[in-house]
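Overview (structure and organization)
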Amino acid sequence: MTTSNMQEYVTILIADQLFGIPVLEVHDVLRDLKLTKIPLAPAEVAGALNLRGRIVTAIDVRKRLGLSQLEQEDGGMSIVVEHQGEPYSLMIDSVGEVLTLDVNDLQPTPVTLNACWKEISGGVYRLEDKLLVVLQIERMLDFGGNSTIAA
Amino acid sequence: MDDLLSEFLTETNESIGIVDTSLIVLEQDPSDESHIGNIFRLVHTIKGTCGFLGLPRLEAVAHAGENVLGKIRDKELTVTADVVTIILEAMDVIKDILATIEETEEEPAGDDADLIARLNAVAFGAAFAPVEEAPVKEEENVPEGSVSEEELEAAFQAAEGPDDEVSSGEVSLEELEAAFQAAEGPDDMPEPVAESKLEVKDEETKPVAEKTSKEKASKESSIANQSIRVNVQMLENLMTMVSELVLTRNQLLQMVRGMDDNEFTVPLQRLSHVTTELQEGLMKTRMQPIGNAWSKLPRIVRDLSHDLDKKIDLVMRGAETELDRQVLELIKDPLTHMVRNSADHGLEMPADRIANGKNETGKIVLEAFHEGGHIIIKISDDGRGLNSEKIKKKVIENGLASEAELEGMSKQQIQNFIMRAGFSTAEKVTNVSGRGVGMDVVRSNIEKIGGTIALTSEEGQGSTFTIKIPLTLAIVSALIVECCGERFAIPQTSVLELVRASTNSSSDHTIEMINDSPVLRLRDQLLPLLHLNDIMRLETAADEVADQSNVKGAEEFIVVIQVASFVFGIVVDRVFDTEEIVVKPIAPILKNLSIFSGNTILGDGSVIMILDPNGIAAMSGDAAVSSDNSEKDETKLSQLQDEKTALLVFRAGGKDPKAVPLSLVARLEEIDVNTIEDTNGKKVVQYRGQLMPLTTIDDSVSIVEEGRQPVLVFSDQDRTMGLVVDEIVDIVEDTLDVEMMSDREGFVGSAVIRDKATDIVDVGYCLQKCFGSWFGAQETRPFGHGNDKQKILLVDDSPFFRNMLVPLLKTAGYAVTTAENGVDALEKRDHGEHFDIIISDIEMPEMDGFTFAEKVKGDERWHETPIVALSSHTTPGDFDRGRAVGFSDYIAKFDRDSLMSALTQTLKASGSAK
């Protein structure tokens, strides 16, 4: 097996589901955010935050995936990714370990998945005890121009 | 040296440098077409600029060079070494001339006819046909690209003939240049080209020439060396960095502020100073005199005046006023456009001007000056001005507003239509109204950079556009406000003032409601208000708090904002201080939120959204045609000459507007219909602990079945009544001139208000309808009940008050005669008329009340007649003066009870009662 087929993923947990983001796309892992709300913004946009002098737009991944809000108030963690030169912070429940997985093991997204899950999923890895859904960042952030904008 | 000239020198030197290199590249690879276009353009620019600056010699050379390049570009001429050489030669001549210009600021005398002839020969192949043929043939014979330069040059030389500048092909570029340099003495250089030939031929002079050339070369570009060209983008980046530095500094300062003596204090102070200086220094690099944006205007105006056969005088003032180059770039085009407009459409033809008694030469004045953190640019012309009627027509044609809407608009509002998108892109308007093409673009460009544009125009007198733009865009001062626990920044540039208001009447300013729309009376304006939480749709727990606070009448803050000419207020919960912020663009996925212009990081490290007043205004209605501040100013001014009355316009029964003087209205209320009770056959509501009777103007008005009923509340001492209306329309300031007396009960008459016939409601009648005894109390009955009515002379210049009081007095049992002013009244005396009492206004044209009273008292005919002063001014000083000149009493204009009782008292006292 050659290393070129190996891909490292940062695993994240949202509502007990394991997701993976390619490790090179992750710029930062944050917790304890001070968010500034952005009124009239799409529901998925949780607000903006200051990350070392850069303004980062925070995305509520649970909202994006059509999940209910996290119960606990103190919030979870965030992963900062970059999309078209702009930083975004993905609000998630928790961050797990980094896994090295073989790209050849990636399974296509099951067609029966919920539409918005299907949209963001780049495939599924079958881990020993769990399934890992690969998050597609650009799909994840592709909601600005569509109907989800607050009417 | 003239700025323009030195800029030209820098630029042209650079261009020639580029042309030189590009030509070499082109020569090496004639098939590369990308260069020729660029070269051609540069030479063309040089030629154009020379013409503009009045440098005919340069222009001629550049023109000839351009001809050759044009042929090459059009592929009519093949690129050969000799072609390149001759162009280079032309460039060198240009360089020489430039150098002389740099030293003497004048074009050296001389003639380049020879060079030009050769250039033309290359271009057109006319007189020197064989010269051209030879190299072209040569070119054809050898495979492309493989010809050595020497060979070509040799061929060229041979073809050229011995007498015609043999050396030109032979010498290297440096040599040639050196020769030119050497030839060009600062004191005398009649024929540089000719002389250079001689010197180059003479081998011995070469080293000398070269030496001179070096010296000259250093001198030549001295202007270029004094200033370097830096990419704007680089300055922008630097500016952003410095802005970040400023923010970080602020952040640090804020952290240290809380602590006492601290080891950081001193270095931080130093950092602070350096940062400030750095910021200022960098700002300076971006500052440029606005004259740079104007430099092309004289030419444009000159050309226009030729094309249009108009005589135009362009006056530019304050060209040295500096502003950020970013801003400068952005206003350049709008300014040019507006000046062009002024010249093209604003100014009339000379014949028309003379016919209108104006100077034949039209004048366009361009003026710039600093005011606060802004630059004001005024563009005015003394042309024909804007024709409101024609604009109206166009507006209706284009469906921008209905005729009815237009009726309600002031002249200024109508004129502002020319800056509306969709007003016109057609030339029709150019002929018709004077302006219009692209003004919306101008406006939006100016607003884009946070500026405003206002327009005043007097038909036949000309128009003035006033542009207000911020000095810089990089760092803006912003007001931090809070709403529903969220903080927002509002750019200070659009904030006019802050008003503290309450929802009950506990403070000076009260938020009032017109059909659920909050408004605020602010001095002489009625300010539309917007709740920030409504705009933001912030509905949180804070909403409940807000509801409670409404009940409690908690304080609220109103940020008064001006966008273009639209003034409105934003209601916020709290106002913090102002902070310098750097506007950062918001994330692309939020780009369609037009109410934010960006976001930034505050001193405390938190992110804050920056509100865009333009976006908010756009959301809340139309900025262009709404209330107009400058118009208000105008109103204020004219108020001094022409008494204007604030009128409340409403609808009640029928579509026609009705109005009452605002000063008579105590409050505007909306009453829950369910609280209306019937008592004694009358409708009443409990209002502020009292019963308030409700009345209608006539039977056509009915109280709504359910919901809320708008009511005008009139109050007089402890009596209050409500007038039921259908809808409150507006408050307007207008001269009240009752033109038609009404024979209908309840109306004083009709007046033209905002160009619309409006019924003026007789408040007295309404009051009487409610309180039969309002004026009928026993002690205020007219003294004596004989058949002969007491005769009153009412002197008042305001037709409204005459019309208002006459019915009142008549109902009270007096016979009333009116006079417009003192002179008018004295005429009646001269006619032998007699009155029992005179009621006179104080401020009147022609003869004021005091003079009038003196005249009355000073003549025996009316000596005995008592005079009661009636005025809106009742200061103790007036009172004393009134007494002194013979007024029996002095009554405030709206105090009816006092008037009635004073009449009775005075009549009683004077004993003239019958």
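Everything quoted here is computed from the prediction, not taken from an experiment.

**Some details on the overall build of chain A**
When helices and strands are tallied, chain A shows three helices and 10 strands. Written out in order from the N terminus, the α and β elements of chain A read β-β-β-β-β-α-β-β-β-α-β-β-α. Sorting the 151 residues of chain A into buried and exposed places 33% on the buried side. A sequence separation of at least 24 residues applies to 55% of the contacts in chain A between residues at least 6 apart.

**A closer look at the sheet that holds strand S35 (residues 887–892) of chain B**
All names here are of chain B. Taken together, the five strands give an open sheet; going across it, the order is S32-S31-S33-S34-S35, and neighbouring strands pair in parallel fashion. Here the strands that pair on one side only, and so sit at the sheet edges, are strand S32 (814–819) and S35. Averaged over all neighbouring strand pairs, the angle between strand axes comes to 25 degrees, with direction disregarded. Where strand S33 (residues 837–841) meets strand S34 (residues 867–871), four bridges bridge the pair, whose relative direction is parallel. Its bridge partner being in S34, Ile838 is matched across the sheet by Ile867. The sheet strands contacting helix H30 (residues 822–830) are strand S31 (790–795) and S32, and the helix crosses S31 at an angle near 145 degrees.

**Points about the sheet that holds strand S7 (residues 86–92) of chain A**
Residues and elements named next belong to chain A. A sheet is described by the order of its strands in space; here five strands give the open sequence S3-S6-S7-S5-S4, paired in mixed fashion. Edge strands, defined here as strands with exactly one partner in the open sheet, are strand S3 (26–31) and strand S4 (45–51). Averaged over all adjacent pairs, the angle separating strand axes in this sheet is 30 degrees, with direction ignored. Pairing analysis gives five bridges linking S3 to strand S6 (residues 77–83), with the strands arranged antiparallel. In the strand pairing of S6, Val26 is matched with Val81.

**Topic: the interface of chain B and chain A**
Contact residues are listed per partner, giving 20 residues for chain B and 19 residues for chain A. Put simply, the parts of the chain that give the side of chain B that touches chain A at least two residues each are strand S17 (596–601) and strand S18 (607–611) of chain B. Residues belonging to the side of chain B that touches chain A are distributed by class as follows: 12 nonpolar, four polar and four charged.

**Section: the nonpolar core**
Ranked by size, the top nonpolar core spans 86 residues in total, and within it Ile21 and Ile59 of chain A together with Ala489, Ile558, Val559 and Leu611 of chain B carry the most contacts. It is strand S15 (residues 566–572) of chain B that contributes the most residues to this core, six residues altogether. Residues lining this core come from more than one domain, with at least three contributed by each of domain 2 (232–289) and domain 4 (479–629) of chain B. Excluding its chain neighbours within four sequence positions, the residues that come into contact with Leu611 of chain B are Phe488, Ala489, Ile490, Ile595, Phe596 and Ile616 of chain B.

**Brief notes about helix H14 (residues 265–286) of chain B**
Over its 22 residues, H14 of chain B runs 31 Å from end to end, which matches the ideal 32 Å to within 8%, given 1.5 Å per residue. Counted residue by residue, H14 of chain B has one buried out of 22 residues, so it is predominantly exposed.

**Quick word on the pairing of S35 of chain B**
Residue and element names in this part refer to chain B. Taking burial as the measure, the six residues of S35 include five buried ones, the bulk of the element. Across five bridges, the pairing between S34 and S35 is parallel. Its bridge partner lying in S35, Ser871 is registered against Ala892.

**Remarks on the environment of Val519 of chain B**
All names here are of chain B. Relative to the assigned elements, Val519 resides in strand S12 (residues 517–522). For Val519, a count of 19 C-beta atoms within 10 Å corresponds to the partly exposed category. As a C-alpha pair, Val519 and Gly569 span 50 residues in sequence and 8.5 Å in three-dimensional space. Not counting the four nearest positions on each side in its chain, Val519 is found in contact with Glu512, Ile514, Leu526, Leu527, Pro528 and Leu529.

**What to know about the environment of Lys118 of chain A**
All names here are of chain A. Looking at the element boundaries, Lys118 is found in helix H2 (residues 115–120). A sequence separation of 21 residues divides Lys118 from Arg139, and the C-alpha atoms of the two residues are 10.0 Å apart. If we skip the residues at most four places from it in the chain, Lys118 touches Thr109 and Leu113.

**As for the environment of Asn114 of chain A**
Relative to the helices and strands, Asn114 of chain A is located in the loop between strand S8 (94–102) and H2. Linking Asn114 of chain A and Gly66 of chain A, residues 48 residues apart in sequence, is a C-alpha distance of 9.4 Å.

**Remarks on the packing of helix H13 (residues 232–257) of chain B against H14 of chain B**
All names here are of chain B. Put simply, H13 and H14 touch, their axes get as near as 10 Å, and they point 155 degrees apart. In terms of axis orientation, H13 runs roughly antiparallel to H14. At the point where H13 passes H14, the crossing takes the left-handed sense. Counted together, Leu235, Leu238, Met239, Val242, Leu245, Val246, Arg249, Leu252, Leu253 and Val256 of H13 and Thr265, Leu268, Leu271, Ser272, Thr275, Leu278, Gln279, Leu282, Thr285 and Arg286 of H14 form the full contact between these two elements. Among the residues forming the contact of H13 with H14, the class breakdown is 13 nonpolar, five polar and two charged.

**Notes on unusual backbone geometry**
All names here are of chain A. Although it is not a glycine, Leu40 sits at a positive phi angle of roughly 70 degrees. By secondary structure assignment, the location of Leu40 is in the loop between S3 and S4. Notably, Gln84 is not glycine yet its phi reads approximately 50 degrees, a positive angle. Mapped onto the elements, Gln84 comes out in the loop between S6 and S7.

**Some remarks on the confidence of the model for chain A**
All names here are of chain A. Overall, the predicted model of chain A reaches an average pLDDT of 81, with 88% of residues at or above 70. Ranking the elements of chain A by mean pLDDT puts H2 last, at 83, and strand S2 (residues 17–22) first, at 91. Low pLDDT, under 50, characterises residues 145–151; the predicted model gives this stretch 10 contacts beyond four residues in sequence or across chains.

The rules we used
Residues numbered from 1 in each chain as written. Chains lettered and ligands numbered in written order. Predicted model: local features only at pLDDT ≥ 70, side-chain atom pairs only at ≥ 80, totals over all residues. Helix = DSSP H or I, 4+ residues; strand = E, 2+ residues; numbered from the N terminus. Buried ≥ 20, exposed ≤ 12 C-beta atoms within 10 Å, placed from the backbone. Contact = placed C-beta atoms within 7 Å. Pairing = 2+ DSSP bridges. Axes fitted to C-alpha atoms, helices over the stretch in contact; angles between N-to-C directions. Nonpolar A, V, L, I, M, F, W, Y, C, P; charged D, E, K, R; others polar. Core = buried A, V, L, I, M, F, W, Y, C linked by C-beta atoms within 7 Å. Domains from an automatic or database assignment. Expected span 1.5 Å × (residues − 1). Parallel < 35°, antiparallel > 145°, perpendicular 65-115°, else oblique. Left-handed = near helix turned anticlockwise from the far one by under 90°. pLDDT = per-residue confidence, 0-100.

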